[in-house]
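# Commentary on secondary and tertiary structure
Listed below are the residues making up each chain.
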Amino acid sequence: MKSAVLKREKIPEERTYLTMEHFRIHQILTLVSLILLFPVIHCWGTDGHLTVCRIAQSRLSEAAADAVMKLLPESAENDLGSVCSWADHVKFHYHWSSALHFIDTPDNLCTYQYNRDCKDEDGVKGRCVAGAINNYTTQLLNYNSASSQADYNLTEALLFLSHFIGDIHQPLHVGFTSDRGGNTIDVHWYTRKQVLHHVWDSNIIETAEERIYNSNVDEFIDAIRHNISTDWTDLVKKWENCNGNKTTCPDVYASEGIKAACDWAYKGASEGSVLEDEYFDSRLPIVKLRLAQGGVRLAATLNRIFG
């Protein structure tokens, strides 16, 4: 599959005279300033992305763990999860990145095709979350190249990739075009007015944490890790594998996503619906499964990238 070529910030010519240590410091300061300046915009919600990245980091090979540690900004203290929502913080700075968080598919077909669906609102091919995953995977494969730091900002590539693999596993990030992945479907989550997309980004997770996990995200993550090592252990190899020895498989993840959107997210949730216990109890296992798959697959992708 042809990787999308996405816009990235160029290093000004004069910066090429700086040492690599100065360049690294500049990278870190830029990342920290962006994290402080821009508010969170929820996609999976902060806890959803934290869950995906914490699961992934615990499954890294020694080589991948070392590469991730070296690429993370010092402020992250080697915690990928702490910066896993960075890509949401910088949408207003990197305007071009907004289209890279999702895929719009034709209404009611419940299928995804890269050539048909991976494009932005202007019809530019490759500008969707699947194309972004391909692009940033390709950039990170240059990690051991002497010229890679001059060509790419690999710290940002790591943060974008980690976030986008999370996004593509949220079913409504591969949703219908007319409702923008559930963003124009007004519902009530119990007594609170929400859009359906936000229910899947945040409300199901937050309600689970409040009711089952003592309002503690770490307990929520530990429960999913437990399921990965017990109930889902026989499925993990299948989740990790990519057909044809590919480094990552966003088309597989997107196809699963639109199917889950049709089977679970959209079903029983039309305009004005009141979503309560029946919806929560039946959808929470799907949310936990998709978070688990996202974490396992992010780890597998990083392990293949870094060796």
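Calculation rules
- Residues numbered from 1 in each chain as written.
- Predicted model: local features only at pLDDT ≥ 70, side-chain atom pairs only at ≥ 80, totals over all residues.
- Heavy atoms only, no water.
- Helix = DSSP H or I, 4+ residues; strand = E, 2+ residues; numbered from the N terminus.
- Contact = heavy atoms within 4.5 Å.
- Polar contact = N/O pair within 3.5 Å; in protein donor to acceptor, adjacent residues only side chain to side chain.
- Phe/Tyr/Trp six-rings, centres within 6.5 Å; stacked < 30°, edge-to-face > 60°.
- Buried < 20%, exposed > 50% of the residue type's maximum accessible area, 1.4 Å probe, protein only.
- Lys NZ or Arg CZ within 6 Å of the ring centre and 35° of its normal.
- Core = buried A, V, L, I, M, F, W, Y, C linked by side-chain atoms within 4.5 Å.
- Disulfide = S-S within 2.5 Å.
- Axes fitted to C-alpha atoms, helices over the stretch in contact; angles between N-to-C directions.
- Parallel < 35°, antiparallel > 145°, perpendicular 65-115°, else oblique.
- Left-handed = near helix turned anticlockwise from the far one by under 90°.
- Nonpolar A, V, L, I, M, F, W, Y, C, P; charged D, E, K, R; others polar.
- Pairing = 2+ DSSP bridges.
- Arc of directions from axis to C-beta.

## Observations regarding the environment of R297
- Mapping R297 onto the fold places it in helix α13 (residues 277-306).
- Along the chain, R297 and I165 lie 132 residues apart, while their C-alpha atoms are 7.8 Å from each other.
- Not counting residues within four places of it along the chain, the set of residues in contact with R297 comprises H169, W239, V252, Y253, E256 and R290.
- From its side chain, R297 meets the backbone oxygen of W239 in a polar contact 3.1 Å long.

## Description of unusual backbone geometry
- One non-glycine residue, E77, adopts positive backbone phi at about 50°.
- Mapped onto the secondary structure, E77 falls in the loop between α3 (62-71) and α4 (86-89).
- The phi dihedral of N214 falls on the positive side, at around 55°, and the residue is not glycine.
- Following the sequence through the fold, N214 ends up in the loop between α9 (196-212) and α10 (217-229).

## What to know about the packing of aromatic side chains
- Summed over all chains, the structure comprises 16 aromatic pairs.
- Each ring, one from W86 and one from F160, has its centre 4.9 Å from the other, and the planes form 65°; the classification is edge-to-face. Placement of the pair is W86 in helix α4 and F160 in helix α8 (residues 154-167), with a sequence separation of 74 residues. Taken individually, W86 and F160 each receive the classification buried, so the pair is uniform in this respect.
- Ring centres of Y213 and F220 lie 5.6 Å apart, and the angle between their planes is 70°; this geometry places the pair in the edge-to-face category.
- Y213 gets classed as buried once you look at its relative accessible area, which sits at 10%.
- Owing to a relative accessible area of 0%, F220 belongs among the buried residues under this scheme.
- Feature note: the residues W86, Y94, W96, Y136, F160 and F164 constitute an aromatic cluster, connected by ring pairs.
- In this arrangement the basic side chain of R211 is found over the ring face of F280, its NZ or CZ atom lying 5.2 Å from the centre.

## What about the nonpolar core?
- Membership of the largest hydrophobic core comes to 89 residues, with the highest contact counts inside it found for W200 and Y279.
- The element contributing the most residues to this core is α13, with 13 residues.
- Filtering out sequence-adjacent residues up to four positions away, Y279 remains in contact with W189, L196, V199, W200, I204, W264, A265, K267 and A269.

## Structural notes on the state of the cysteines
- Under the defined criterion, the tally for this structure stands at four disulfides.
- Paired by a disulfide, C242 and C249 hold their sulfur atoms 2.0 Å apart. Of the two residues examined, C242 and C249, each falls in the buried class.

## Details of the environment of A130
- Note on placement: A130 falls in helix α6 (residues 129-140).
- A relative accessible area of 0% means that A130 is categorised as buried.
- The spatial distance from the C-alpha of A130 to the C-alpha of A254 is 7.3 Å, given a sequence separation of 124 residues.
- Not counting residues within four places of it along the chain, the set of residues in contact with A130 comprises I103, Y112, Y114, I168, P250 and D251.

## Some points on the packing of helix α2 (residues 45-57) against α8
- Axis separation between α2 and α8 bottoms out at 9 Å; the angle between their running directions is 115°. If you check the angle between α2 and α8, you find them roughly perpendicular. Crossing geometry of α2 relative to α8 is assigned as right-handed. Here H49, V52 and C53 of α2 come into contact with α8, specifically with S162, H163, G166 and D167.
- Of the residues belonging to the contact of α2 with α8, the class tally is two nonpolar, four polar and one charged.

## Comments concerning the sheet that holds strand β3 (residues 186-189)
- The strand order across the open sheet built from three strands is β4-β3-β5, with neighbouring strands paired in mixed fashion. The sheet is open, and its two borders are formed by β4 (192-195) and β5 (274-275), each paired with just one other strand.
- Where β3 meets β5, two bridges bridge the pair, whose relative direction is parallel. Bridged to W189 within β5 is L275.

## Considering α3
- Considered for burial, the residues of α3 that qualify are A64, A67, V68 and L71. Taken down its axis, α3 places every buried residue within 100° of arc, on the same side.

## Quick notes on the packing of α3 against α13
- Contact geometry for α3 and α13: axes closest at 8 Å, N-to-C directions at 90°. Accordingly, the angle class assigned to the pair α3 and α13 is roughly perpendicular. Where α3 abuts α13, its residues A63, A64, A67, V68 and L71 lie against L302, N303 and F306.
- Classifying every residue of the contact of α3 with α13 gives seven nonpolar, one polar and no charged.

Fair warning: the whole summary comes from geometry, so function is off the table for now.
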